[in-house]
Amino acid sequence: MTCYEFPPFGGGAGQMVHGLARRLVESGDEIDVLTMGSRDLPEHEYIDGIAVTRVPVNRRRRSACTLTEAAHYLVRAMAGIKALARKRRYDLIHSHFVFPDG
């Protein structure tokens, strides 16, 4: 999954991605989420069985993303997506939002 919002960032979309990923893990699926990061969050961690990778963007506010931060995420996420795709053979890629992920 890709989404520039994932807890602790965002509101509804981040919560929805977390909830969907958590349910998929509960059903036996392996889930990777590529999302936006900041200085105070680890680049890689597992949350509720979800492998979370955060792209270093240094987002300042948890509730809102600036256009510049979104653009940085978009550029940096492409490298992260390619790296993950080289490591694993995905059955499905679930991207959220028209901008910047979808």
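Residues numbered from 1 in each chain as written. Predicted model: local features only at pLDDT ≥ 70, side-chain atom pairs only at ≥ 80, totals over all residues. Heavy atoms only, no water.

## Observations regarding the pairing of strand S2 (residues 44-47)
Worth spelling out the cut-off: Any two strands between which DSSP finds at least two bridges are classified as paired. Secondary structure counts use DSSP, requiring at least four H or I residues in a row for a helix and at least two E residues in a row for a strand, with both numbered from the N terminus.
Across four bridges, S2 lies against strand S3 (residues 50-56) in antiparallel orientation. For Tyr 46, the partnering residue across the bridge sits in S3 and is Ala 51. Between the end of S2 and the start of S3, which pair antiparallel, lie two residues, with Asp 48 showing a positive phi angle near 55°.

## Section: helix H1 (residues 12-26)
The condition is simple: Here, expected helix span is obtained from the residue count minus one, scaled by 1.5 Å. Pairs of residues are marked as contacts when any of their non-hydrogen atoms sit within 4.5 Å.
Counted at 1.5 Å a residue, the expected span for H1 with its 15 residues is 21 Å, and the 21 Å between its end C-alpha atoms agrees. Contact partners of the buried residues in H1: strand S1 (32-37), S2 and S3. With its phi angle positive at about 105°, Gly 28 sits one or two positions after the end of H1.

## A few points about the side chain of Thr 53
This is how it is decided: For every residue, the accessible area (1.4 Å probe, protein chains only) is compared with the maximum for its type, and the residue is labelled buried under 20%, exposed over 50%, or partly exposed between those bounds. Contacts described as polar in this section are N or O atom pairs within 3.5 Å, which, within protein, must combine one atom able to donate a hydrogen with one able to accept it, while residues neighboring in sequence count only if both atoms come from side chains.
Inspection of the secondary structure puts Thr 53 in strand S3. On the basis of relative accessible area, Thr 53 is assigned to the buried category, the value being 15%. Reaching out from Thr 53, the side chain makes a polar contact with the side chain of His 44 at a distance of 3.3 Å. Setting aside anything within four residues of it in sequence, one finds Thr 53 in contact with Val 33, Leu 34, Thr 35, Glu 43 and His 44.

## A closer look at the nonpolar core
Cut-off, in case you're wondering: Only buried residues count toward a nonpolar core. Its members are Ala, Val, Leu, Ile, Met, Phe, Trp, Tyr and Cys residues joined through side-chain atoms within 4.5 Å.
Membership of the largest hydrophobic core is limited to ten residues, which are Met 1, Cys 3, Phe 6, Val 17, Ala 21, Ile 31, Val 33, Ile 47, Ile 50 and Val 52. Mapped onto this core, the elements with two or more residues apiece are H1 and S3. The contact partners of Ile 50, leaving out residues within four places of it in the chain, are Phe 6, His 18, Ala 21, Arg 22, Val 25, Ile 31, Val 33 and Glu 45. Ranked by size, the runner-up nonpolar core spans eight residues in total, among them Val 55, Val 57, Tyr 73 and Leu 84.

## Points about the pattern of salt bridges
The test is simple: Only one rule defines a salt bridge in this text: a Lys or Arg side-chain nitrogen within 4 Å of an Asp or Glu carboxyl oxygen.
Per the stated rule, a full pass over the model turns up seven salt bridges. Close ionic contact of Arg 59 with Glu 5 constitutes a salt bridge, the shortest N to O distance being 3.7 Å. Placement of Arg 59 in the loop between S3 and helix H2 (67-87) and of Glu 5 in the segment before H1 is noted, with a sequence separation of 54 residues between them. Each member of the pair, Arg 59 as well as Glu 5, carries the same accessibility label: buried. The partner of Arg 62 in a salt bridge is Asp 40, and the shortest N-O contact between them spans 2.5 Å.

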